[in-house]
Amino acid sequence: PVSFFWFRRDLRLTDNAGLYHALKSGTLVIPVFIYDTDILEKLPDKQDRRVQFIQEAIKSLAENLEKLGSFLRLKQGKPLDIFTKLVQEKTITAVYANHDYEPYAQQRDAAVEEYLKTRGIPFYTFKDQVIFEKNEITKADREPYTVFTPYKKRWLNTINSFFVKAYPTEKYFHQFASINSVPLPTLTDLGFQHTDLVTPNIRVAEEIITHYHKTRDYPAQAGTSRLSVHLRFGTISIRQVVQLAQRLNATWLNELIWRDFYHMILFHFPRVVSQAFKPAYDHIPWENNEKYFAQWCTGTTGYPLVDAGMRELNATGFMHNRVRMVVASFLCKHLLIDWRWGEAYFATKLLDYDLAANNGGWQWAAGSGCDAGPYFRVFNPAAQLKKFDPGNLYVKKWVPEWESSNYNQPLIDHDFARKRAINTYKAALTDF
Ligand code: FAD
């Protein structure tokens, strides 16, 4: 008997829940990866660093499987079509995968599961990318939390060594089916081009984590883990990362709990993808000035910290969390541009783009999210710069012309923008 393990956001062989269950089931396991054309075709930039990241992760997976006498079955197309063909080629006893909480993925998986069912093939899926999912952490009345602090308290009271224990997949590696290696598709085969991707180190220095609570807010310092892209594509296991956080730093653990929280929110409230979590916020009359939006995107607003962040994003696919908060607040509040525009721009650029975290971050900045601050709190980009980039090192790196006559004048006055934001929000929320 043979089963499939379908890799998605879990591109690793070790400590992988679904893979563990597949290998342990006693059948031979054929590992499968599908370049999903439904996703790839929607990517506007053919030099997308994420596609290259995936391709490199796939190469590494395939090489490791080759060492075990197996290989990846690589396919390109729509997952349902691929499975329709795959199950005709071979007698399959089951398909295994890990849970994915995004609305698109839920639909995709439901369609695949339905089809497999018609062929009498079970589709087994497992929690892998978060510590707690779905209804595992709920209020006493079983309703989902919508405020972070009590969620976190419950999360911390519930966690124990069981939830962070690694799945010992390596004990069952002999269960991989023997498959001949084949040449892997190149980026060109996939319709993409080579990029300037710099993959963050997967081995994070313990020193960084130990000092995280002191260094995390300073974009000029290497004070955060840079693990986000690895967590996004599952090249590292969340259980391993949480164990490290438990050992080294509670503030860092807190951020990992935010990650679980936003995944849980997306699962229970998929409407947040297009709507404000707090419905009243969908009544804000956004100005949506396209020229201002273009200036924000290109980092030419005349606000150095905002411009530095946007230029860092455009040049590398990364932006420091503190700066993400500042640029997002600036777009929604100073420029009165719909948070969905900013969210969509981040979605095309961020190497670590994750629907749950990105939507959560944007709705938080816009004030519309669950557990966002009060609408009248407006970040002052100049004060943020002074506080979090005191030596101006970050800003000088990304906006070298800053302080010269070549630099843009601020496209909007801070005091004016602040008052306008507060009045606009207030009117919209009160009317509603
Ligand atoms: P660390 O500070 O070392 O944190 C460790 C890990 O915790 C991160 O890798 C990430 O997986 C998780 N994490 C940290 N902060 C958050 C958070 N606020 N919410 C959820 N998870 C968090 N994070 C993404 O992974 N993908 C996104 O698309 C994304 N979009 C964002 C958009 C906005 C507007 C804002 C304000 C934040 C966004 N974040 C997003 C959260 C955060 O900025 C990044 O996770 C972080 O900057 C990544 O750097 P790091 O790996 O060094 O993080």
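Here is what the cut-offs are and how they apply
- Residues numbered from 1 in each chain as written.
- Predicted model: local features only at pLDDT ≥ 70, side-chain atom pairs only at ≥ 80, totals over all residues.
- UniProt positions renumbered as here; feature names shortened; annotations may be inferred.
- Helix = DSSP H or I, 4+ residues; strand = E, 2+ residues; numbered from the N terminus.
- Buried ≥ 20, exposed ≤ 12 C-beta atoms within 10 Å, placed from the backbone.
- Contact = placed C-beta atoms within 7 Å.
- Core = buried A, V, L, I, M, F, W, Y, C linked by C-beta atoms within 7 Å.
- Domains from an automatic or database assignment.
- Nonpolar A, V, L, I, M, F, W, Y, C, P; charged D, E, K, R; others polar.
- Axes fitted to C-alpha atoms, helices over the stretch in contact; angles between N-to-C directions.
- Near = placed C-beta within 6 Å.
- Expected span 1.5 Å × (residues − 1).
- Arc of directions from axis to C-beta.
- pLDDT = per-residue confidence, 0-100.

As recorded by an unreviewed UniProt entry, the protein carries the name Deoxyribodipyrimidine photo-lyase and is attributed to Adhaeribacter radiodurans. Of the protein, the UniProt comment under Sequence similarities (unreviewed entry) reads exactly: "Belongs to the DNA photolyase family."

Peer 1: What should I look at first to understand the overall build of the protein in this one?
Peer 2: Each helix and strand counted, the protein has 20 helices and 5 strands in total. Referenced to the eigenvectors of the C-alpha coordinate spread, the extents of the protein come out at roughly 70 × 50 × 40 Å. Within the protein, the proportion of its 432 residues that are buried is 41%. Of all intrachain contacts in the protein linking residues separated by at least 6 positions in sequence, the fraction that spans at least 24 positions is 78%.

Peer 1: Is there a simple way to explain the nonpolar core in this structure?
Peer 2: Soluble globular proteins: nonpolar side chains tend toward being buried together. Core analysis: the biggest nonpolar cluster contains 72 residues, and V241, L266, L305, V327 and L331 have the highest contact counts within it. Put simply, the parts of the chain that give this core at least two residues each are helix 6 (148-158), helix 11 (238-248), helix 12 (250-268), helix 14 (304-316), helix 15 (321-334), helix 17 (355-366), helix 19 (393-398) and helix 20 (414-431). Ranked by the residues each element gives to this core, the list is headed by helix 12, at 10 residues. The residues that make up this core include at least three from each of domain 2 (130-164 + 200-268) and domain 3 (273-431).

Peer 1: Would you mind showing me how to read the domain arrangement of the protein here?
Peer 2: Frequently, the measure chosen for interface size is the accessible area removed from exposure when the parts meet. Each assigned domain of the protein is listed with its residue range as follows: domain 1 (2-127), domain 2 (130-164 + 200-268) and domain 3 (273-431). Each of domain 1 and domain 3 has a C-alpha centre, and the two are 37 Å apart. Facing the 8 residues of domain 1 at the interface are 6 residues of domain 3. Among the elements that take part in the side of domain 1 that touches domain 3, helix 3 (residues 49-67) stands out by supplying 3 residues, more than any other. In terms of residue class, the side of domain 1 that touches domain 3 is built from 4 nonpolar, no polar and 4 charged.

Peer 1: Would you take a moment to explain the packing of helix 11 against helix 12 for this structure?
Peer 2: If you want to describe how two helices pack, look at the angle between their axes and the distance between the axes. Close contact between helix 11 and helix 12 brings their axes to 7 Å; oriented N to C, the two are set at 145 degrees. On helix 12, the residues that touch V241, V242, A245, Q246 and L248 of helix 11 are W252, L253 and L256. Looking at the contact of helix 11 with helix 12, its residues break down into 7 nonpolar, 1 polar and no charged.

Peer 1: Explain the site of the ligand here, please?
Peer 2: The immediate surroundings of the ligand are formed by 28 residues, with T224, S225, S228, N358 and G361 found nearest. Sorting the residues of the shell around the ligand by element identifies helix 10 (228-233), helix 12, helix 15 and helix 17 as the ones contributing at least two each. The element best represented in the shell around the ligand is helix 17, accounting for 6 residues. Each of domain 2 (130-164 + 200-268) and domain 3 (273-431) gives at least three residues to the shell around the ligand.

Peer 1: Help me out: how do you make sense of helix 20 in this one?
Peer 2: Owing to its 3.6 residues per turn, the α-helix brings residues three or four apart onto one side. Counted at 1.5 Å a residue, the expected span for helix 20 with its 18 residues is 26 Å, and the 26 Å between its end C-alpha atoms agrees. Every buried residue of helix 20 is accounted for by A417, A421 and Y425. Mapping the buried residues of helix 20 onto a view down its axis gives an arc of 55 degrees, with all of them on the same face. Counted as exposed and oriented over 90 degrees from the buried face of helix 20: D415, F416, K419, N423, K426, T430 and D431. At its buried positions, helix 20 is contacted by helix 15.

Peer 1: Honestly, the confidence of the model for the protein in this entry has me stumped. Any pointers?
Peer 2: The predicted coordinates should not be examined in detail at positions where pLDDT is low. Averaged over all residues, the pLDDT of the protein equals 97, while 100% of them reach at least 70. In the model output, the complex is listed with pTM 0.98 alongside ipTM 0.99.

Peer 1: Quick question: what am I supposed to make of unusual backbone geometry here?
Peer 2: Backbone phi values are negative for most residues with the exception of glycine, while trans is the configuration of most peptide bonds. Phi at K134 takes a positive value of approximately 45 degrees, unusual for a residue other than glycine. By secondary structure assignment, the location of K134 is in the loop between strand 5 (123-126) and helix 6. Its 15 C-beta neighbours within 10 Å are what place K134 among the partly exposed residues. In this structure, N392 takes a positive phi of about 60 degrees despite not being glycine. Mapped onto the elements of the fold, N392 is located in the loop between helix 18 (381-388) and helix 19.

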